[in-house]
Amino acid sequence: MTTSTPLRIMILGTGNMARTHAAAFQKIPNVRLVAGVDRRADVLAQFCADFDIPERFETLDEAISWGAFDAVANVTPDAAHHPTTLALLTAGKHVLCEKPLATNAADAREMADLAAGKGLIGMVNLSYRNVAVLQKAAELVADGAIGALRHFEASYLQSWLTQPAWGDWKTQDQWLWRLSTAHGSKGVLGDVGIHILDFATFAAGSPIADLSCRLKTFDKAEGGRIGEYVLDANDSFTLQAELRNGALGTVTATRFASGHLNDLRLRLYGDKGGLEVRFEKNVETLRICRDADLKEANWTELAVPPVPTVYERFVAAIRDGAPAEPDFEHGARLQVALDLAERSHLEGGRFFKT
């Protein structure tokens, strides 16, 4: 496909996150949003009207039968990623899937294998890959700027269980379902754990070799429930890991980080220097300490230009064969780590090899 040929994209699932996808794709030259799919007719109609999308379907089967699209943004709930993506890949369509790729490693592996077997682009929307300082940190590590990596610390800090900046979690379904396993939640591990695991392993340039994890669910309401929602999903996790390059470190996340709305932090320490990556209150910073600065522990902040978004990279991968990162293969590897983290907790923090 050439840049002169319009790339026709369909949006599957038209909830809040779909609006981010639609707005991003509409900014890319010669990309057209041609259809939306959602069983909720009223939500679908409003979404298509807001983004001037000509076609709408209430079932994926109807959309596939129509077929006049090249690629799909799959913005369905987590449990729907596997069956819907398989159907789209089987129909020969490229897919950008919301994270996590699936709800278990076996399903994620099936999706990755099918995309590869069909020669189709399959990418996971790990949106923090859009953070320019993370991309620069990965480049510096790969270039040996801090020497051999020895240690790392990564954290994803939220606090919406302690204050109402995003609304009252006790009364709003959009938050309550995230606290209930019966409603499909895997807690903070499943919700943002995949982001911080990707943040750390991407910058470190190495996947996880083995890990141990502890999960914690705190009492948040009388009887552990609010209405139909049993509040049993994990609220915090701590994970120890060794990477395949030998680096040892910790990965943590919580919804009780008072004073932090949605902040990611990463520290990488090598035998010749250190890097600190921060994405806090939507502000990016990258600091480095190396060479002569090591003796006095002086850190220098680096200026980093913007990078292409995952939406732009998805389009470029389809059009001209640019790297499809993060791809389904990477998403499947991350899902293995998430599955083992849950298993580790159930077995008292036992270490597992990935």
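To be clear, the structure that these remarks concern was listed above.
Residues numbered from 1 in each chain as written. Predicted model: local features only at pLDDT ≥ 70, side-chain atom pairs only at ≥ 80, totals over all residues. Heavy atoms only, no water.

Attention now moves to helix α8 (residues 187-204). In this model, α8 (18 residues) spans 25 Å end to end at C-alpha, consistent with the 26 Å of a helix rising 1.5 Å per residue. The principal kink in α8, of about 55 degrees, is found at glycine 193. Of all 18 residues making up α8, 17 are buried, and the element is well covered by its neighbours. Directly beyond the C-terminal end of α8, a positive phi value near 70 degrees is found at glycine 205. (Helix = DSSP H or I, 4+ residues; strand = E, 2+ residues; numbered from the N terminus. Expected span 1.5 Å × (residues − 1). Bend = angle between axes of the 7 residues up to and from the residue. Buried < 20%, exposed > 50% of the residue type's maximum accessible area, 1.4 Å probe, protein only.)

Here nine strands make up an open sheet; going across it, the order is β16-β15-β14-β13-β7-β12-β11-β8-β17 and the pairing mixed. Either end of the sheet is taken by a strand with one partner, and the two such strands are β16 (300-301) and β17 (352-353). Relative to β17, strand β8 (residues 208-216) runs antiparallel, the two sharing two bridges. Paired with aspartate 210 across the bridge in β17 is lysine 353. The strands touched by helix α6 (residues 132-142) are β13 (262-270), β14 (273-280) and β15 (283-290); relative to β15, the strand with the most contacts, the crossing angle is about 20 degrees. (Pairing = 2+ DSSP bridges. Contact = heavy atoms within 4.5 Å. Axes fitted to C-alpha atoms, helices over the stretch in contact; angles between N-to-C directions.)

The next subject is the side chain of asparagine 125. Looking at the element boundaries, asparagine 125 is found in strand β6 (residues 122-125). In this structure the side chain of asparagine 125 is engaged in a polar contact, spanning 3.4 Å, whose partner is the side chain of tyrosine 311. Residue contacts for asparagine 125: discarding those within four places in its chain leaves Met17, His21, Leu96, Cys97, Glu98, Lys99, His195, Val310 and Tyr311. (Polar contact = N/O pair within 3.5 Å; in protein donor to acceptor, adjacent residues only side chain to side chain.)

One open sheet holds the six strands; their spatial order is β3-β2-β1-β4-β5-β6, and the pairing between them is parallel. Only two strands of the sheet have a single partner each, and these edge strands are β3 (55-57) and β6. Averaged over neighbouring strand pairs, the angle between their axes works out to 25 degrees when direction is ignored. As paired elements, strand β1 (residues 7-12) and strand β4 (residues 71-74) share four bridges and run parallel to each other. Residue pairing in the sheet places isoleucine 11 in a bridge with alanine 73 of β4. Each of β1, β2 (31-37) and β3 touches helix α2 (residues 41-50); the most contacted strand, β3, lies at about 160 degrees to it. With respect to the sheet, helix α9 (residues 310-320) is in contact with β1, β2, β4, β5 (94-98) and β6, its orientation differing from that of β6 by roughly 175 degrees.

By themselves, these are just geometric observations and shouldn't be taken as functional.
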